[in-house]
Amino acid sequence: MTVKISNKIVGYRVKKADDTTEQQAAAQSQADKPIQMNENIERPDFLLGTTYKIKPPVAEHAMYITINDIILNEDTDHESRQPYEVFINSKSMEHFQWVIALTRVVSAVFRKGGDVTFLVEELRSVYDPNGGYFKKGGVFMPSLVAEIGAVIEKHLKAIGLLESEEMSETTKRILAEKRAEFEASQKTATNDDTSNDYPANATMCGKCSTKAVIVMDGCATCLACGDSKCG
Ligand SMILES: [Zn+2]
């Protein structure tokens, strides 16, 4: 296109190559507004949570552990459920001071956001110098702190932040068969409904800390996690 300039030229501007692309980019960003995401959110008026009951022998009364979750970026592709705070209630007063301190510190870590799963290992590896105890079901807890860690682990698995290592159906079936066979071979079957879910003479498993290891045909097998050693 040719344009005849009949007036006197009094000024000019050099056309920049990126003039139009900049305008296009601006228009584009207007069109698809970015989703604002952040992890610093004011606490909503209500939060959904779960309460777990534990009955550690080192405390006189049961303890109720409540973990509340917050939903981040709701209704977007980045929606996620994160733990937000933890409370522990009990009639027992003997552990009151440090339990309160622990819940505050754990809640603070939760609110910081990011990966909070490391807490589980930290708490679960606390050993009580007085020795730990066996929970119902034969699982060994090295301390009360470790049991609180186990509850947090259970919760993080429930909301999908930690993978739960589900045993395959085949493994479950094989373990059930082994167990039936073992119990049948033990003439002194005890039906006194003890708190243990596993045979009374089962020994401790080094892998899952459960009193569930039985020995059959020279092989030690854990009925809880399936860990097996022959020799
Ligand atoms: Zn095991």
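Residues numbered from 1 in each chain as written. Predicted model: local features only at pLDDT ≥ 70, side-chain atom pairs only at ≥ 80, totals over all residues. Heavy atoms only, no water.

- If you look the protein up in an unreviewed UniProt entry, it shows as ribonucleoside-diphosphate reductase from Marinobacter oulmenensis.
- For the protein, the Sequence similarities (unreviewed entry) comment in UniProt is given as "Belongs to the ribonucleoside diphosphate reductase class-2 family."
- According to the UniProt record, the Catalytic activity (unreviewed entry) comment for the protein is "a 2'-deoxyribonucleoside 5'-diphosphate + [thioredoxin]-disulfide + H2O = a ribonucleoside 5'-diphosphate + [thioredoxin]-dithiol". (UniProt positions renumbered as here; feature names shortened; annotations may be inferred.)

1. Details of the overall build of the protein
(1) Moving on: Scanning the protein from terminus to terminus reveals 5 helices and 9 strands.
(2) Moving on: Order of helices (α) and strands (β) in the protein, N terminus to C terminus: α-β-β-β-α-α-β-β-α-α-β-β-β-β.
(3) Moving on: For the protein, the proportion of its 231 residues judged to be buried stands at 30%.
(4) Moving on: When contacts within the protein are restricted to residue pairs at least 6 apart in sequence, long-range pairs at least 24 apart make up 45% of them.
(5) Moving on: For the protein, the exposed area adds up to about 16300 Å²; of that, 52% sits on carbon and sulfur atoms. (Helix = DSSP H or I, 4+ residues; strand = E, 2+ residues; numbered from the N terminus. Buried < 20%, exposed > 50% of the residue type's maximum accessible area, 1.4 Å probe, protein only. Contact = heavy atoms within 4.5 Å. Areas by Shrake-Rupley, 256 points an atom, 1.4 Å probe, with all protein chains shown as cover.)

2. Points about the coordination of the zinc ion
(1) Moving on: For the zinc ion, the full set of protein donor atoms is Cys205 (SG), Cys208 (SG), Cys222 (SG) and Cys225 (SG), at a range of 2.2 to 2.3 Å.
(2) Moving on: Counting gaps between the donor residues of the zinc ion yields the pattern C-x2-C-x13-C-x2-C. Highlighted residues: Cys208 in the loop between β6 (203-204) and β7 (211-216) and Cys225 in the loop between β8 (219-222) and β9 (228-230), separated in sequence by 17 residues. (Donors = N, O, S within 2.8 Å, 3.2 Å for Na, K, Ca; no water.)

3. Observations concerning the state of the cysteines
(1) Moving on: The tally for this structure, following the rule as stated, stands at 1 disulfide.
(2) Moving on: Paired through a disulfide, Cys219 and Cys230 show a sulfur-sulfur distance of 2.0 Å. As the torsion about the S-S bond is roughly 105°, the Cys219-Cys230 disulfide counts as right-handed. Placement of the pair is Cys219 in strand β8 and Cys230 in strand β9, with a sequence separation of 11 residues. (Disulfide = S-S within 2.5 Å.)

4. Section: the sheet that holds strand β1 (residues 48-54)
(1) Moving on: One open sheet accounts for 3 strands, arranged β1-β2-β3; its pairing is antiparallel. The sheet terminates laterally at β1 and β3 (80-90), the two strands that pair on one side only. Going from strand to strand, the sheet's axes swing by 20° on average, the running direction of each strand aside.
(2) Moving on: Looking at chain direction, strand β2 (residues 63-72) and β3 are connected through 10 bridges and run antiparallel. (Pairing = 2+ DSSP bridges. Axes fitted to C-alpha atoms, helices over the stretch in contact; angles between N-to-C directions.)

5. Observations regarding helix α4 (residues 144-158)
(1) Moving on: Its 15 residues place the ends of α4 21 Å apart at the C-alpha level, agreeing with the 21 Å of an ideal helix rising 1.5 Å per residue.
(2) Moving on: The element α4 is extensively covered by neighbouring structure, given that 12 of its 15 residues are classed as buried.
(3) Moving on: Measuring from the side-chain oxygen of the N-cap residue of α4 to the backbone nitrogen of Val145 gives 3.5 Å; that N-cap residue is Ser143.
(4) Moving on: Once α4 finishes, Gly160 follows within two positions and takes phi at roughly 85°, a positive value. (Expected span 1.5 Å × (residues − 1). Polar contact = N/O pair within 3.5 Å; in protein donor to acceptor, adjacent residues only side chain to side chain.)

6. Brief notes about the packing of aromatic side chains
(1) Moving on: Enumeration according to the criterion identifies 1 aromatic pair in this entry.
(2) Moving on: Looking at Lys211, its charged tip hangs above the ring of Phe134, at a distance of 5.4 Å from the centre. (Phe/Tyr/Trp six-rings, centres within 6.5 Å; stacked < 30°, edge-to-face > 60°. Lys NZ or Arg CZ within 6 Å of the ring centre and 35° of its normal.)

7. Some thoughts on the environment of Glu165
(1) Moving on: Considering the arrangement of structural elements, one finds Glu165 in the loop between α4 and α5 (169-185).
(2) Moving on: The class of Glu165 is exposed, set by a relative accessible area of 65%.
(3) Moving on: On a C-alpha basis, the gap between Glu165 and Cys225 in space is 9.6 Å, while along the polypeptide they are 60 residues apart.

8. Quick word on the pattern of salt bridges
Where side chains of opposite charge bring their charged atoms close, a pairing between them can arise.
(1) Moving on: Here the structure, examined in full by the defined rule, presents 9 salt bridges.
(2) Moving on: Glu169 serves as the salt-bridge partner of Lys172, at 3.5 Å between the closest nitrogen and oxygen. One end of the pair is Lys172 and the other is Glu169, both in helix α5 and 3 residues apart, which spans about a single turn.
(3) Moving on: The exposure class of Lys172 is partly exposed, given its relative accessible area of 35%.
(4) Moving on: Looking at Glu169, the relative accessible area reads 60%, which means it is exposed. (Salt bridge = Lys/Arg side-chain N within 4 Å of Asp/Glu carboxyl O.)

9. A look at the packing of helix α2 (residues 96-112) against α4
(1) Moving on: Two elements in contact, α2 and α4, have axes whose closest approach is 12 Å; the angle formed by their N-to-C orientations is 35°. Between α2 and α4 lies a crossing whose hand is right-handed. Of the residues in α4, those touching α2 at Trp98, Leu102, Val106 and Phe110 are Leu144, Val145, Ile148 and Ile152.
(2) Moving on: Grouping the constituent residues of the contact of α2 with α4 by class yields 8 nonpolar, no polar and no charged. (Left-handed = near helix turned anticlockwise from the far one by under 90°. Nonpolar A, V, L, I, M, F, W, Y, C, P; charged D, E, K, R; others polar.)

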